[in-house]
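Structural overview
What follows is the residue order along each chain.
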Amino acid sequence: MIVRGRDVRARCTFCNEEAIYIVKHRKLRLCREHFIDYVKTEVENTIYRFEMLKNVKKLLIAVSGGKDSVTMLHILHQICRELGTEILGLTIDTEIGEFSRKQVETSVQVFKSLGIPYRVERFSDYGIDLLRPDLEKITRRPPCSVCGIAKRYIMNRVALEENCQAIATGHNMIDIAQYAIANILTGSLEYLTKLLPKVEEGPRMARRLRPLYFIDEKETKLYVETVKLPYVADRCPLSDSRETMQDTVRALVRELEDRHPGSIRSFVDKLVRRIIPSLKVPEERYGTCKICGMPSKGEVCSFCRIRMLLRGET
Ligand code: AMP
Ligand code: FES
Ligand code: ZN
Ligand code: ZN
């Protein structure tokens, strides 16, 4: 900004260095260093507020190679080192060509550069082939739905195998608001309870954590760029090319936060404090899948069901 011939660029609220990011709802201007500090502190506050790491000796961190999970890994690596919590990285190769190849390569590159032990799991080892032309017809689900079920199953399975008490994923504030609003629109209120920052563990089910619950996706993008971490920006090639309702809701959430800074942050906060606790959703009862022994609402879990269908068994 030029004022009367003087170059008065915005300066950091804390140190007078040039600001690279403005937190409008808090009236903060942050330089590179204080921006990095800000994101880490926000994640730390979320972890403490929800006692995410209480009784967690080993944490599984699910990394897709995207900006969110790479940011999460970088920050959790520091926090867990300070707390003495062991960590294990996990990346799942969905084997859908160049996109998934880049995701795995990037995740492994970050694990190695930070010296984090990791596992790579491949869909084919679990009998899943997302590129099968008849996948949707046989499973009666779009590929992204099969992918989501398979990824959640594999994460939980690896957590149990590796004695990890919790799994962290990189869902950000915009993702949470989008899922919540979409579920309200369709009346699927029972799914809202799954959108908490921490979903408690159960028998053979690890605790699920979302440490980026209050972090805007703009912040993870700036974080990876500022820290110079590699990340994959491409969109999944199997996602619907037409605009879905989820896309429209996402655009709306983005616009709300941009036009009314802090509004989405306050919405996800209300989701945790008021909306979800006020829902009278009957507690889900899980039994055991008779095929794989993992938790299941029916006799056979949705993952084994999909695998049976793909093998031609009914
Ligand atoms: P998404 O549903 O693709 O937005 O992913 C949400 C979160 O799930 C990511 O931030 C990761 O923590 C995790 N995730 C997604 N895809 C993978 C993958 N292929 N391997 C490991 N973790 C993943
Ligand atoms: Fe797995 Fe789209 S099919 S991310
Ligand atoms: Zn500063
Ligand atoms: Zn099963």
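What comes next is a walk through the structure. (Residues numbered from 1 in each chain as written. Chains lettered and ligands numbered in written order. Predicted model: local features only at pLDDT ≥ 70, side-chain atom pairs only at ≥ 80, totals over all residues. Heavy atoms only, no water.)

Here we look at the site of ligand 1
- Taken together, Ala 62, Val 63, Ser 64, Ser 69, Leu 90, Thr 91, Ile 92, Lys 151, Met 155, Thr 169, Gly 170 and His 171 are the residues near ligand 1.
- Here an oxygen atom of ligand 1 and a backbone polar atom of Ala 62 are 2.6 Å apart.
- At 3.2 Å from a nitrogen atom of ligand 1 is found a side-chain nitrogen or oxygen belonging to Lys 151.
- Secondary-structure elements contributing two or more residues to the shell around ligand 1 are β6 (86–93) and α5 (143–161).
- Element by element, the count of residues in the shell around ligand 1 is highest for β6, at three residues.
- Looking at the shell around ligand 1 residue by residue, the class counts come to five nonpolar, six polar and one charged. (Near = heavy atom within 4 Å. Polar contact = N/O pair within 3.5 Å; in protein donor to acceptor, adjacent residues only side chain to side chain. Helix = DSSP H or I, 4+ residues; strand = E, 2+ residues; numbered from the N terminus. Nonpolar A, V, L, I, M, F, W, Y, C, P; charged D, E, K, R; others polar.)

What to know about the coordination of the zinc ion (ligand 4)
- Within the first shell, the zinc ion (ligand 4) binds the protein through Cys 289 (SG), Cys 292 (SG), Cys 301 (SG) and Cys 304 (SG), at distances of 2.2 to 2.4 Å.
- Seen from the zinc ion (ligand 4), its four donor atoms lie at angles of 105 to 118°, and the figure they make is tetrahedral.
- In terms of primary sequence, the donors binding the zinc ion (ligand 4) are separated according to C-x2-C-x8-C-x2-C. One end of the pair, Cys 289, is in the loop between β11 (287–288) and β12 (295–296); the other, Cys 301, is in the loop between β12 and α10 (302–310), and twelve residues separate them in sequence.
- Overall, Cys 301 belongs to the buried group, its relative accessible area being 5%. (Donors = N, O, S within 2.8 Å, 3.2 Å for Na, K, Ca; no water. Tetrahedral: all angles 85-135°; square planar, octahedral: opposite > 155°, others 65-115°. Buried < 20%, exposed > 50% of the residue type's maximum accessible area, 1.4 Å probe, protein only.)

Here we look at the packing of helix α6 (residues 173–185) against helix α8 (residues 245–259)
- One can describe the packing of α6 onto α8 by two numbers: an axis separation of 9 Å at closest approach and a directional angle of 125°. Judged by the inter-axis angle, α6 sits oblique to α8. α6 and α8 meet at a crossing whose hand is right-handed. Contacts between α6 and α8 involve Met 173, Ile 174, Asp 175, Ala 177, Gln 178, Tyr 179, Ile 181, Ala 182 and Leu 185 from the former and Met 245, Gln 246, Val 249, Arg 250, Val 253, Arg 254 and Glu 257 from the latter.
- Class assignment for the residues of the contact of α6 with α8 results in ten nonpolar, two polar and four charged. (Axes fitted to C-alpha atoms, helices over the stretch in contact; angles between N-to-C directions. Parallel < 35°, antiparallel > 145°, perpendicular 65-115°, else oblique. Left-handed = near helix turned anticlockwise from the far one by under 90°. Contact = heavy atoms within 4.5 Å.)

A look at the packing of aromatic side chains
- Across all of its chains, the model carries six aromatic pairs by this definition.
- Here a set of aromatic residues connected by ring pairs shows up, and it is made of Phe 50, Tyr 213 and Phe 214. (Phe/Tyr/Trp six-rings, centres within 6.5 Å; stacked < 30°, edge-to-face > 60°.)

Quick notes on the coordination of the zinc ion (ligand 3)
- Taken together, Cys 12 (SG), Cys 15 (SG), Cys 31 (SG) and His 34 (ND1) make up the protein donors of the zinc ion (ligand 3), found 2.1 to 2.3 Å from the metal.
- Taken together, the four donor atoms coordinating the zinc ion (ligand 3) span angles of 100 to 115° at the metal, a pattern that classifies the geometry as tetrahedral.
- A relative accessible area of 4% means that Cys 31 is categorised as buried.

Here we look at the pattern of salt bridges
- Within the structure shown, the criterion is met by 33 salt bridges.
- Measuring nitrogen to oxygen at the nearest pair gives 3.6 Å for the salt bridge that ties Lys 58 to Glu 162. Taken as a pair, Lys 58 in strand β5 (residues 58–62) and Glu 162 in the loop between α5 and β8 (166–168) lie far apart in primary sequence, 104 residues in all.
- Taking the shortest distance from any N to any O, the salt bridge between Glu 313 and Arg 311 comes out at 2.9 Å.
- Look at Glu 313 and you get partly exposed, because its relative accessible area is 35%.
- With a relative accessible area of 52%, Arg 311 lands in the exposed category. (Salt bridge = Lys/Arg side-chain N within 4 Å of Asp/Glu carboxyl O.)

A short note on α6
- Along its 13 residues, α6 runs 18 Å from first to last C-alpha, staying within 8% of the 18 Å computed at 1.5 Å per residue.
- Listing the buried residues of α6 in full gives Met 173, Ile 174, Asp 175, Ile 176, Ala 177, Gln 178, Ala 180, Ile 181, Ala 182 and Asn 183.
- In the core, the buried residues of α6 are packed alongside α2 (67–83), α7 (217–227), α8 and α9 (263–275).
- Backbone nitrogen of Ile 174 and a side-chain oxygen of the N-cap are separated by 2.8 Å at the start of α6; the cap is Asn 172. (Expected span 1.5 Å × (residues − 1).)

As for the nonpolar core
- Membership of the largest hydrophobic core comes to 53 residues, with the highest contact counts inside it found for Leu 59, Ile 61 and Val 268.
- A per-element tally of this core places α2 first, with seven residues.
- Grouped together as the second largest cluster of nonpolar side chains are 32 residues, Leu 90, Leu 130, Cys 147 and Val 158 included. (Core = buried A, V, L, I, M, F, W, Y, C linked by side-chain atoms within 4.5 Å.)

Examining the sheet that holds β8
- Across the sheet, which stays open at both edges, the six strands sit in the order β7-β6-β5-β8-β10-β9 with mixed pairing between neighbours. Two strands in the sheet have a free side with no partner beyond their single neighbour: β7 (118–122) and β9 (198–199).
- Relative to β6, β5 runs parallel, the two sharing five bridges. When the sheet's bridge partners are listed, Leu 59 is paired in β6 with Ile 87.
- Most of the contacts of α2 go to β5, to which it runs at about 165°, and overall it touches β5, β6 and β8.
- In this fold helix α3 (residues 98–114) packs onto β6 and β7, with an angle of close to 165° to the strand it touches most, β6. (Pairing = 2+ DSSP bridges.)

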